[in-house]
Amino acid sequence: MVAAIDGRKRWLALMILCLGVLMIVLDTTIVNVALPSIGADLGFSETSLVWVVNAYMLTFGGFLLLGGRLGDLFGQRRLFLIGIIGFTLASLACGLANSQVLLIGARAVQGFGGAVVSAVSLSLIMTLFVEPVDRAKAMGVYGFVCAGGGSIGVLVGGLLTGAFSWHWIFLVNLPIGIAVYALCRLLLPDDRGQAGSRSLDMAGAATITGSLMLAVYAVVNGNEAGWTSVSTLGLFALAALLFAVFIGIEVRVSAPLVPLALFRSRNVTTANVVGILWAAAMFAWFFISALYLQRVLAYSPLQVGLGFLPANLIMAAFSVGLSATIVMRFGIRVPLAVGLLLAATGLMLFARAPVDGSFVVDVLPGMILLGLGAGMAFNPVLLAAMSGVAPGESGLASGVVNTSFMMGGALGLAILASLASARTSALQASGMDALSALNSGYHRAFAVGAAFAAVAALLGVLFLRTGLHGAVRHEEEDDGGIDPDRGTQGVSGHAAESAASRI
């Protein structure tokens, strides 16, 4: 694909791919602001309203791995376009929905389209950019879209819902989706898939998709049903059983959906574990701090979105060059660890924010540190997760790391929300006023989120064994590759090019 597209078109293609990804990322948070309006208009109860979010999360989390593998087998461009079509048509159905059933059903289709787009987009970017410097820059842009898109969604959702109606948070996707589809058809050459076999492991696909969907359902329904309830524990047990069956299938079939040899790479395995913890920490930042701003400091949705603006600007600065420069100079291990430690420090600052806090003193410093941390760490995590992966498995690796982020974020948020709720309830029972108890619960969630980020930094330092490029799949093949602590310094041009071609 790279040979068929020149440098300028590649960067334009990156912008279009990232626009498609941004549309998906925005949809995970833009709906939250409009939920009260949706509930009032369509007659949702408090219990049923959560399915406007949960229906999307179920199919999004369940189909990430399958979407990535289908891209490897049948062409990443083709699957990306299918995902964009599905997501855009489902957005139209959501925007025109006049019943609860239609809206929830369309949200489920949106989740499927979003999963396919998310799973193959990273692989397409890795295929488009093989030069070390260009790849680092491209991953920085992609990282900003993924890390900053959620907070942008709050701002956009507040603006559209306030100025027009909740229908427009979905209808705004139509011109974007049409433009992304048309421009991708023009800019991206067709590919027929690079996997050695075009057969699909149907048994593996069914078991892993079922396992992921059950796990996501258990998480999103856990707070309501109770984390120790029979239904929640039963769902987790059934998800674990299906996952065990899936592993057994993958060991035996000749063309597995997920070749387990992928995880023999220490870099890939470590990056996915770090990604789970990183996502849990970032969800603590985004969702819990948004709750602090809204419920404790009484900010409006628009003010909440503006409150995240400093962090978004910092991440944007990293995405357009700083991240690539740092990675090329220091490799992936040092920026990853430093970024995660900065994020942990920012979360600890939020863990001391008072009930009567001010933006400049109690919010802005944490936002700046978290923006720096996210801008610095996201790119190295993605590069490490895709390192040493054969071209025919790049879509799968992309689906795996996206699944790690999604499951880490969902599980992390569930854990943090439960801890915060338990702390708040205990303090209220002891006689503390409601607002102080609520804030103290958020403090606990921030502190645990900081611990997640710190542990992720430690794992990255201890177990990541490659620099920027992931030069080898097996360590014994590495003779004079990139030092993880020195980036690309001292590496010959041929070695750097060879390294870049393998991730």
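Now for a look at the structure at hand. Computed from a predicted model, the values in this text were never measured in an experiment. (Residues numbered from 1 in each chain as written. Predicted model: local features only at pLDDT ≥ 70, side-chain atom pairs only at ≥ 80, totals over all residues. Heavy atoms only, no water.)

## Considerations on the nonpolar core
Across soluble globular proteins, nonpolar side chains have a tendency to be buried as a group. Heads up, the condition is: Take the buried Ala, Val, Leu, Ile, Met, Phe, Trp, Tyr and Cys residues and link them wherever side-chain atoms come within 4.5 Å; each set so joined is a nonpolar core. Summary of the burial criterion: residues with accessible area below 20% of their type's maximum are buried, those above 50% are exposed, and those between are partly exposed, where the area comes from a 1.4 Å probe applied to protein chains only. Going along the chain from the N terminus, every DSSP run of H or I of four or more residues is numbered as a helix, and every run of E of two or more is numbered as a strand. Two residues qualify as a contact provided that any one of their heavy atoms is within 4.5 Å of a heavy atom in the partner residue.
Ile38, Phe80, Leu103, Ile125 and Trp285 are the most contacted members of the largest nonpolar core, which has 138 residues in total. Broken down by element, this core gets its largest block of residues, 17 residues, from helix H14 (residues 266–296). Not counting residues up to four positions away in its chain, the partners in contact with Leu103 are Ile38, Leu42, Phe44, Val52, Cys94, Ala97, Trp166 and Phe170.

## Concerning the pattern of salt bridges
Our working definition: Each reported salt bridge corresponds to a side-chain nitrogen of Lys or Arg within 4 Å of a carboxyl oxygen of Asp or Glu.
Under the counting rule described, the total for this entry stands at four salt bridges. Close ionic contact of Glu131 with Arg10 constitutes a salt bridge, the shortest N to O distance being 3.3 Å. Here Glu131, found in the loop between helix H7 (100–128) and helix H8 (132–163), pairs with Arg10, found in helix H1 (residues 7–27); they are 121 residues apart in sequence, far enough to count as distant. Glu131 gets classed as partly exposed once you look at its relative accessible area, which sits at 31%. For Arg10, a relative accessible area of 10% translates into the label buried. The residue Arg69 makes a salt bridge to Asp72 at a minimum N-O spacing of 3.5 Å. Taken together, the positions of Arg69 and Asp72, both in helix H5 (residues 64–74) and three residues apart, correspond to about one turn of that helix.

## Points about the packing of aromatic side chains
Heads up, the rule is: Only Phe, Tyr and Trp rings are paired, with Trp represented by its six-membered ring, and only when their centres lie within 6.5 Å; those with planes under 30 degrees apart are stacked, over 60 edge-to-face, the remainder tilted. Only when the NZ atom of a Lys or the CZ atom of an Arg is both within 6 Å of the ring centre and within 35 degrees of the ring normal do we say a charge sits over the ring.
Counted by the stated rule, this structure contains 12 aromatic pairs. Here the aromatic residues Trp278, Phe378 and Phe405 are joined through ring pairs into a cluster of three or more. It is Arg329 that lies over the ring of Phe330; its NZ or CZ is 4.8 Å from the centre.

## Some points on the packing of H7 against helix H19 (residues 394–429)
As a reminder, the rule being used: Every angle, taken between N-to-C directions, lies between 0 and 180 degrees, and every axis is a line fitted to C-alpha atoms, over only the stretch in contact when it is a helix. Relative orientations are named as follows: roughly parallel for angles under 35 degrees, roughly antiparallel for angles over 145 degrees, roughly perpendicular for angles from 65 to 115 degrees, and oblique for any other angle. In this scheme the handedness of a crossing depends on how the near helix is turned from the far one: anticlockwise by less than a right angle means left-handed, clockwise means right-handed. Put simply, Ala, Val, Leu, Ile, Met, Phe, Trp, Tyr, Cys and Pro go in the nonpolar bin, Asp, Glu, Lys and Arg in the charged bin, and everything else, Gly too, in the polar bin.
H19 packs onto H7 with a crossing angle of 125 degrees between their chain directions and a minimal axis gap of 8 Å. Accordingly, the angle class assigned to the pair H7 and H19 is oblique. Relative to H19, H7 is oriented so that their crossing is right-handed. Only Ser394, Gly395, Ser398, Gly399, Val401 and Asn402 of H19 make contact with H7, whose side of the interface consists of Ser118, Ala119, Val120, Leu122 and Ser123. Residues that form the contact of H7 with H19 fall into these classes: four nonpolar, seven polar and no charged.

## Quick look at the packing of helix H18 (residues 359–385) against H19
Two elements in contact, H18 and H19, have axes separated by 9 Å at closest approach and are oriented at 135 degrees. Looking at the two axes, H18 sits oblique to H19. When you trace H18 past H19, the crossing you get is right-handed. For the pair H18 and H19, contact is made by Phe378, Val381, Leu382 and Ala385 and by Ala397, Val401 and Phe405, respectively. Here the residues of the contact of H18 with H19 sort into seven nonpolar, no polar and no charged.

## Thoughts on a nonpolar patch on the surface
What counts is decided by this rule: Any residue with relative accessible area above 30% and no salt bridge may belong to a patch, with like charges joined within 9 Å and the nonpolar Val, Leu, Ile, Met, Phe, Trp and Tyr side chains within 5 Å. Note on areas: Shrake-Rupley with a 1.4 Å probe; residue coverage comes only from the protein chains shown.
A contiguous nonpolar patch, built from Leu159, Leu302, Leu306, Leu309 and Leu313 and spanning about 430 Å² of accessible area, is present on the exposed surface. Of all the elements in the fold, those that place two or more residues in the nonpolar patch are helix H15 (301–307) and helix H16 (309–330). Considering the arrangement of structural elements, one finds Leu306 in helix H15. The exposure class of Leu306 is partly exposed, given its relative accessible area of 42%.

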